[in-house]
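The lines below spell out each chain.
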Amino acid sequence: MPFDVYLNVAIGGVLTGLVYGLMALGLSVIFGVVRVVNFAHGEMMSIAMFATIVLCAALHLDPLILLVPIAAVLFVFGYGLQRGLINPFITRPEHTQFLLLVALAIIITNTLLIVFGPDARSVQTSYAYDSFQIGPIIIDAAKVYAGAAAIIFATALFAFFRFTLVGKAIRACADNHTGALVVGLDVKRLYALTFGLGAACVGAAGTMMVLLIDATPMLGPSYTLLAFVIVITGGLGSMPGALVGGVLIGTTEALAGLLFTPSIKSMFAFAILVLVLLFRPQGILGKRLA
Amino acid sequence: MIERIIARMIRGVSRRAAILLAVLLAVLLAAPWMVGDYLLTVLIIILYFAYTGQAWNIMMGFAGQLSFGHALYLGLGGYVAAMLFTQFGIAPWLGLLAAIPIAAACGAVIGFLAFRFRVAGVYFAILTIAFAEFARIGFDNWNYVNASSGLFLPVKQYAHNDAWRLRGDPAMFYYVILAATVAVFVLCHFLLRSRVGYFWLAVREDEQAARAAGIDTFRYKMIAVMVSAAVTSFAGVFYAFFYNNLFPEQIFSITRSIEIILGPIIGGIGTLFGPILGAFVLTGLAETLNSAMTALGVELPGARQVFYGICLLIVVVALPDGVWPPLARRLGVGKVDK
């Protein structure tokens, strides 16, 4: 196979990986601050995907325009979820949190199944078959838009955490829960806000994901797992790490699909996870574990 | 000799608890004469979950190591025994002699890698999922075991039950899994009161303190993983021979792992009776919803699972320690070994 085929596939993988990274960023933000592992993460992405598909069909809007409204809806969903259901669980053992979120995941998946049926659905966009050509490299336009949107969204989130007071307050909660309480931060509200932001990330990622894959109600668990793999590979608690991990996993999967069979591609993602856990358990960009 | 074993077995068990257990066992032993084929199959599934839940509980409930990848041991057990049976005609009980060391060795590899490199808590749980998924995709592409088209065990009409080859009617499978469940219950009972068991509890409660007290925590965590994996592998053998087919997509799937975990968490983690109660509650719930949906004429795929999810949610919100600890207090069956 000529070299430019690899390059094409690798670039496609990087762009897909950016969307993966944005999804994983949501998980990372939630775990980093609230210390709850969101086992319904992939399911929340499915909600965003189906919302996008329905609104695209009903309003003839482009997924790229729907990105912000759907992220906002998911934000409200996540905020309410943390406030109403998850908050009492943050001090309980991990397996109890796990059970709560698995129950939630089961409910989401099957509600989607009842409403939309088991068939795969996708959106029709005007640029579905467009591509950009730079020399020998040909890239799908949809992937470029999705990757660019993911970068913009992630940058906005970085800026929020870095420069706004609320963002700093959330980081303070993550660094020292008791300290945050002592200086009078409303930790409960900040946790809900964080969960909302994590949900918004996965919502935005889901909106972009419809450009890349078909939506089915059963997607949830494998994407939850993918988000875990990415977050741990990149480094839990490191926001750039989630994007780096996403790009690494996305590229690896794309190349593995080309070199071997597509069905074997996630094996490589898991192999990377195992290697990272063994040789750099804090992740590629994570801080050294205490 | 036997008297001494029985004496040890009931030591520390309140009279009330012993009577309740004896009644339960008697009911379960008589069940095949009292219920129809459908209910018997439900009971088999309940006992299967009680067994696997108990096996998982050894690792999480006793030693505090959260595993989300028990489907790995299930699948390995099933595949080893089924391959030996279909290829070489080796009976499953002999196949088990191969399946147990293989599953335990896999558990040892995961445990060794994780505990040596200080991978703990949620990270450890994700690592166990990763290995199970790795195996799922690997088996899905491995032609020697028929890859994704799956393994099928020969189904013939057997004139009589052949317990040695695990070929027979549901009643035979029922007694096999009942015996296994009782055996693992007794094993866990002994383990909890053994030196290893006390070390496990110490590791679970506070690993640093356990190490400070001179416990080789690495060693005891390894023992927990290996025992749990070995015990789980039999459930895989049973699964393969009961359903007569094996698909990597099913046996190694994360859904299998989650099913195993739900029972003991709902029942009460770290308790001996929690996994059994959890299996009854969850399978009972699922089957009741099934019948209710059929009776109401609701043919909505997914509706049953939505209710199931809501019930799980209610239980976990209302009873964070599981169903058994509060129930045990109410029944007055003494100390709950949590």
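You'll find the structure just up there.
Now for a look at the structure at hand.

### A word on the overall build of chain A
Move 1: Looking only at helices and strands, chain A features 11 helices and 2 strands.
Move 2: The linear arrangement of helices and strands in chain A, starting from the amino end, is α-α-α-α-β-β-α-α-α-α-α-α-α.
Move 3: Each of the 290 residues in chain A was classed as buried or not, and the buried ones make up 53%.
Move 4: Put simply, 78% of the contacts in chain A that link residues at least 6 apart link residues at least 24 apart.

### Some details on the overall build of chain B
Move 1: Within chain B, the regular secondary structure consists of 15 helices and 2 strands.
Move 2: The principal-axis extents of the C-alpha atoms in chain B amount to approximately 55 × 50 × 45 Å.
Move 3: Considering chain B as a whole, with its 338 residues, one finds that 47% of them fall into the buried category.
Move 4: The long-range share in chain B, meaning contacts at least 24 apart out of those at least 6 apart in sequence, stands at 75%.

### Quick look at unusual backbone geometry
Move 1: Even without a glycine there, the phi angle at His 60 of chain A is positive, about 55°.
Move 2: Overall, the presence of 8 C-beta atoms within 10 Å leaves His 60 of chain A in the exposed class.
Move 3: A positive phi angle, close to 75°, is found at Asn 146 of chain B, a residue other than glycine.
Move 4: With respect to the element layout, Asn 146 of chain B can be found in the loop between α6 (121-140) and β1 (151-152).

### Quick look at the packing of helix α10 (residues 239-259) of chain A against helix α11 (residues 265-279) of chain A
Residue and element names in this part refer to chain A.
Move 1: Remark: α10 packs on α11, axes separated minimally by 8 Å, with the N-to-C direction vectors making an angle of 140°. It follows from the interaxial angle that α10 and α11 lie oblique. Taken as a pair, α10 and α11 cross one another with a handedness that is right-handed. Contact residues: α10 offers Leu 248, Ile 249, Thr 252, Glu 253, Ala 256 and Gly 257, while α11 offers Lys 265, Ser 266, Phe 268, Ala 269 and Ile 272.

### Focus: the pairing of strand β1 (residues 131-134) of chain A
Move 1: Bridge count between β1 of chain A and strand β2 (residues 137-140) of chain A: 4 bridges; the pairing is antiparallel. Within β2 of chain A, the position partnered with Ile 134 of chain A by the bridge is Ile 137 of chain A.

### Here's the deal with the environment of Leu 22 of chain A
Residue and element names in this part refer to chain A.
Move 1: Position of Leu 22 among the secondary structure elements: in helix α1 (residues 3-34).
Move 2: Spatially, the C-alpha atom of Leu 22 lies 24 Å from that of Leu 258, the residues being 236 residues apart in sequence.
Move 3: Ignoring anything within four residues of it in the chain, the contact list for Leu 22 reads Ala 150, Phe 153, Ala 154, Cys 201, Ala 204 and Ala 205.

Cut-offs applied
Residues numbered from 1 in each chain as written. Chains lettered and ligands numbered in written order. Predicted model: local features only at pLDDT ≥ 70, side-chain atom pairs only at ≥ 80, totals over all residues. Helix = DSSP H or I, 4+ residues; strand = E, 2+ residues; numbered from the N terminus. Buried ≥ 20, exposed ≤ 12 C-beta atoms within 10 Å, placed from the backbone. Contact = placed C-beta atoms within 7 Å. Axes fitted to C-alpha atoms, helices over the stretch in contact; angles between N-to-C directions. Parallel < 35°, antiparallel > 145°, perpendicular 65-115°, else oblique. Left-handed = near helix turned anticlockwise from the far one by under 90°. Pairing = 2+ DSSP bridges.

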